[in-house]
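One letter stands for each residue in the lines below.
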Amino acid sequence: EGVMERLRIGFFKFTSCSGCQMSVARLLASSPLLERFEIVYWPMLETAKWSGHLDAAFVEGCVSTNRELEELRGIREDSRLLIALGECAVDGGVQSIALSTPRREVVERVYEHSSWISARNVGRVGDYVEVDVEVHGCPPGPETLWEVFISLSLGRRPRLREHPLCVECKLRDLPCLLIEAHQPCMGPVTNAGCGALCPSLNRACEGCYGPNPDANWTSQREVLRRIGLSDGDVDRRFRKYAVARLSKK
């Protein structure tokens with residue numbers, strides 16, 4: 001019986017906190033699934049350069065500089081699959097909040113010498129190159145990552161959840177924090193995948209799995225206003241993780 005050829009994969013980090021890569025590292029460190037892959041590039045673990053074609057490139061982070069954009073296009077060209085890993089890559093993440101303010105004002109507010117900074121408006125990975133798989137989450141949870149890596153090893157497309165978080169709350173028989181407890185829960189407009197982690201601890205969903213494309217945005221805004229949020233607070237809830245995507249709507 002022949003030895004199964006390992007898939008060549010690489011991990012790339014743009015503007016982000018590295019939390020998604022940390023989640024992957026924890027998952028793979030103790031998993032026999034790691035034997036299915038040859039990790040040819042992962043600068044968080046080692047600084048070796050890479051060459052040759054990749055079966056899959058995992059890209060964490062949003063694009064905020066021209067250098068990152070140039071690198072992203074090169075990664076896309078040299079990879080069979082490009083996987084956007086986490087909310088910064090998929091939806092813009094918390095960095096995309098900066099899109100709500102003129103870029104010059106943001107740079108001058110943060111840096112002492114703004115002339116030293118060479119930046120561009122924050123963009124999702126999918127704004128610039130074709131993305132084969134979008135992995136939601138800030139960071140993606142173990143169940144989501146397992147599905148991605150098992151599917152990759154089997155040569156099939158990951159079956160990631162496409163329904164809102166509320167479905168997971170119902171499956172766990174959790175009370176509705178938005179309607180019953182009048183908490184500013186973003187579950188109705190947020191992608192499932194976390195297992196309703198926050199609501200299971202009686203904490204309102206913050207939206208860290210990104211906006212669900214089929215959600216009723218108008219209704220969610222009205223409900224949040226009814227429970228006492230100002231228009232500004234409602235806007236901040238919506239843009240916390242996904243201004244880069246929502247700005248395209």
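Residues numbered from 1 in each chain as written. Predicted model: local features only at pLDDT ≥ 70, side-chain atom pairs only at ≥ 80, totals over all residues. Heavy atoms only, no water.

Q: Account for the packing of helix α8 (residues 217–226) against helix α9 (residues 231–239), naming residues and giving values.
A: Running from N to C, α8 and α9 point in directions that differ by 135 degrees, and their axes come no closer than 10 Å. Considering the angle they form, α8 stands oblique to α9. By crossing handedness, the relation of α8 to α9 is classed as right-handed. Listed contacts from α9 to Trp217, Gln220, Arg221, Leu224 and Arg225 of α8 are Asp231, Val234, Asp235 and Phe238. Per-class residue counts for the contact of α8 with α9 are four nonpolar, one polar and four charged. (Axes fitted to C-alpha atoms, helices over the stretch in contact; angles between N-to-C directions. Helix = DSSP H or I, 4+ residues; strand = E, 2+ residues; numbered from the N terminus. Parallel < 35°, antiparallel > 145°, perpendicular 65-115°, else oblique. Left-handed = near helix turned anticlockwise from the far one by under 90°. Contact = heavy atoms within 4.5 Å. Nonpolar A, V, L, I, M, F, W, Y, C, P; charged D, E, K, R; others polar.)

Q: Tell me about the pattern of salt bridges, and name the residues and values.
A: For the structure on display, the rule yields 14 salt bridges. Among the salt bridges present, the one from aspartate 55 reaches arginine 80, with a minimum N-O distance of 3.8 Å. One end of the pair, aspartate 55, is in strand β3 (residues 54–60); the other, arginine 80, is in strand β4 (residues 79–85), with 25 residues separating them in the sequence. When its relative accessible area of 43% is taken as the criterion, arginine 80 is described as partly exposed. A salt bridge links arginine 225 to aspartate 231; the nearest nitrogen and oxygen atoms lie 2.7 Å apart. The exposure class assigned to aspartate 231 is partly exposed, which follows from its relative accessible area of 46%. Linked through salt bridges whose partners overlap, the residues forming this network are Arg124, Asp127 and Glu134. (Salt bridge = Lys/Arg side-chain N within 4 Å of Asp/Glu carboxyl O. Buried < 20%, exposed > 50% of the residue type's maximum accessible area, 1.4 Å probe, protein only.)

Q: So what's going on with the packing of helix α1 (residues 19–29) against helix α5 (residues 142–154)? Residues and values would help.
A: Contact geometry of α1 with α5 gives a least axis separation of 10 Å together with a crossing angle of 70 degrees. If you check the angle between α1 and α5, you find them roughly perpendicular. Between α1 and α5 the crossing geometry is right-handed. Contacts between α1 and α5 involve Ser23, Val24, Leu27 and Leu28 from the former and Pro142, Leu145, Trp146 and Phe149 from the latter.

Q: Break down the sheet that holds strand β1 (residues 7–13) for me, with residues and values.
A: Strand order in the open sheet formed by five strands is β2-β1-β3-β4-β5, with parallel pairing between adjacent strands. If you trace the sheet from one side to the other, it starts and ends with β2 (37–41) and β5 (133–135), each paired once. Neighbour-to-neighbour, the strand axes of this sheet turn through a mean angle of 25 degrees, independent of strand direction. The sheet contact formed by β1 and β3 spans five bridges and is parallel. The partner of glycine 10 across the bridge, within β3, is alanine 57. Contacts from helix α2 (residues 66–77) reach β1, β3 and β4 within the one sheet, and its direction differs from that of β4 by about 135 degrees. (Pairing = 2+ DSSP bridges.)

Q: Could you give an account of empty space enclosed by the protein, with specific residues and numbers?
A: What the rule picks out here adds up to one cavity of 30 Å³ or more. Here the largest cavity is characterised by a volume of approximately 100 Å³. As for the largest cavity, its lining consists of 14 residues, and the residues nearest its centre are Met186, Gly207, Pro211, Arg237 and Phe238. When grouped by side-chain class, the residues that make up the lining of the largest cavity number eight nonpolar, three polar and three charged. (1 Å grid on protein atoms, 1.4 Å probe; cavity = no way out; pocket = protein on both sides within 12 Å on 5 of 7 lines; lining within 4 Å. Points joined across faces, edges and corners; volume = space filled by probe spheres on them.)

Q: Describe in detail the pairing of β1, supporting the description with residues and values.
A: With respect to burial, β1 is a largely interior element, five of its seven residues being buried. One ladder, built from four bridges, connects β1 with β2; its direction is parallel. Paired with glycine 10 across the bridge in β2 is tyrosine 41. Taking the sense of rotation as the criterion, the β-α-β connection linking β1, α1 and β2 turns out right-handed. (Right-handed = clockwise from strand over helix to strand, strands pointing away.)

Q: Outline the pairing of β4, listing residues and values.
A: With five of seven residues buried, β4 lies mostly within the body of the structure. Pairing geometry for β3 and β4, over six bridges, is parallel. Directly across from phenylalanine 58, in β4, lies its bridge partner isoleucine 83. With α2 bridging β3 and the parallel β4, this β-α-β connection has right-handed handedness. Across three bridges, β4 lies against β5 in parallel orientation. Following the sheet pairing, leucine 85 is matched in β5 by valine 135.

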